[in-house]
Amino acid sequence: MVITILIPCYNEEININYLISRLLPELSDYNFKVLFIDDGSTDQILTKLYALSAANPRIKYISFSRNFGHQAALKAGYTQCKDADVVITMDADLQHPPEMIPEMMEKWKQGYKIVNTIRKSDQNTSFFKRISSRLFYELFGFITGTELVPGSADFRLLDKAVVKVINSLPESNPFIRGIISWVGFKQTAIEYTATPRANGKSGYTLVKMINLAISGITSFGISPIRISFLAGTMCSFLAFLYGIYAVSVHLFSDETVTGWTSVIASVLFLSGFQLIMIGVIGEYIGKIHIQSRNRPDYIIEESNI
């Protein structure tokens with residue numbers, strides 16, 4: 001049995017050695033490989049990966065030509081895990097505790113093909129992050145029909161059968177977390193408490209999180225366009241009723257509305273609504289355009305695999 005630990009990293013130079021010191025003892029009973037995906041870091045992490053892989057041949061690395069994003073790093077890693085029976089993904093900042101790996105392996109031995117982890121909310125989790133995270137999960141499930149468990153993370157175990165399915169999907173810019181839920185298989189989840197980052201600061205800015213949320217929602221079906229159609233139909237119907245009312249007032253009474261406030265409010269509302277819907281449609285057209293160019297999701301500059 002071969003286990004591959006897949007670790008995307010971006011500017012985590014200061015955490016790598018500490019991570020390895022905690023990770024390797026948890027893998028001592030297994031035939032394993034640790035694969036780092038350097039997502040275009042600007043620090044000296046690659047130099048440390050050179051040294052680590054030279055000291056331990058089980059430590060491998062892939063380095064991108066630039067920053068392509070966390071999801072692209074995961075996808076690149078999965079394509080290099082064809083010989084693994086089990087793939088465990090985790091972050092390099094030590095918020096995903098390596099000490100949970102034996103428990104995850106026990107779940108796999110019980111027959112689970114996917115072992116997810118759920119992050120417990122604690123005092124280290126900001127109010128904004130708790131609220132925004134729950135809102136995203138609720139909105140994602142409502143719009144796409146694909147349920148994501150609140151607090152689920154990219155710290156998970158996948159059986160080789162699941163990895164094979166993921167590698168067979170041709171889509172660009174995949175939303176891995178949603179795909180894991182979509183593929184099915186026998187799944188379970190275990191909870192963990194994330195510790196504060198060992199060092200440095202998170203590379204996941206608010207803008208990146210918003211982009212990931214939009215990408216995730218629009219990657220799973222055309223429900224946003226259907227909602228746009230229904231909402232547009234409702235607005236048109238209400239506008240039609242208002243038109244009948246306005247004509248009736250003009251023809252059958254002397255109370256013709258002379259103000260422009262209601263007209264301006266209606267125009268601004270409908271114009272804003274139309275722009276939002278155009279943006280939704282544009283998001284889908286953009287995805288089609290990106291897919292049609294058939295460019296790779298990432299470019300590997302160097303690797304020791």
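In this report, the structure presented in the accompanying data block is examined. (Residues numbered from 1 in each chain as written. Predicted model: local features only at pLDDT ≥ 70, side-chain atom pairs only at ≥ 80, totals over all residues. Heavy atoms only, no water.)

**Let's talk about unusual backbone geometry**
Cut-off, in case you're wondering: A run of DSSP states H or I qualifies as a helix once it reaches four residues; a run of E qualifies as a strand once it reaches two. Both are numbered from the N-terminal end. When accessible area is computed with a 1.4 Å probe and restricted to protein chains, residues below 20% of their type maximum are described as buried, those above 50% as exposed, and intermediate ones as partly exposed.
The phi angle at N11 is positive, at roughly 55°, despite the residue not being glycine. Among the structural elements, N11 can be located in the loop between β1 (2-9) and α1 (16-26). Positive phi, close to 70°, is recorded for L94, a residue that is not glycine. Position of L94 among the secondary structure elements: in the loop between β4 (86-89) and α4 (101-109). A relative accessible area of 2% means that L94 is categorised as buried.

**Let's talk about the pattern of salt bridges**
Spelled out, the test is: One speaks of a salt bridge when a side-chain nitrogen belonging to Lys or Arg is within 4 Å of a carboxyl oxygen belonging to Asp or Glu.
Applying the stated rule across the entire model yields 5 salt bridges. K160 is the partner of D85 in a salt bridge, and the nearest nitrogen-oxygen pair spans 3.5 Å. Pair noted here: D85 is in the loop between α3 (70-79) and β4 and K160 is in helix α6 (residues 160-168), with a separation of 75 residues, a long-range link. The shortest N-O distance in the salt bridge between K113 and D159 comes to 3.8 Å. Highlighted residues: K113 in the loop between α4 and β5 (114-119) and D159 in strand β6 (residues 156-159), separated in sequence by 46 residues. On the basis of relative accessible area, K113 is assigned to the partly exposed category, the value being 31%. When its relative accessible area of 7% is taken as the criterion, D159 is described as buried.

**Some thoughts on the packing of aromatic side chains**
Here is the rule: Each Phe, Tyr or Trp ring, with Trp reduced to its six-membered ring, pairs with another whose centre is within 6.5 Å; inter-plane angles below 30 degrees give stacked pairs, above 60 give edge-to-face pairs, and intermediate values give tilted ones.
The full count for this structure, using the stated rule, is 3 aromatic pairs. With centroids separated by 5.2 Å and ring planes inclined at 10°, the aromatic side chains of F64 and Y298 adopt a geometry described as stacked. Taken together, the residues F64 in strand β3 (residues 59-64) and Y298 in the loop between α10 (261-293) and β8 (300-303) connect sequence positions 234 residues apart. Neither residue differs from the other here; F64 and Y298 are each classed as buried. Taken together, the aromatic side chains of F64, F68 and Y298 make up a single cluster linked through ring pairs.

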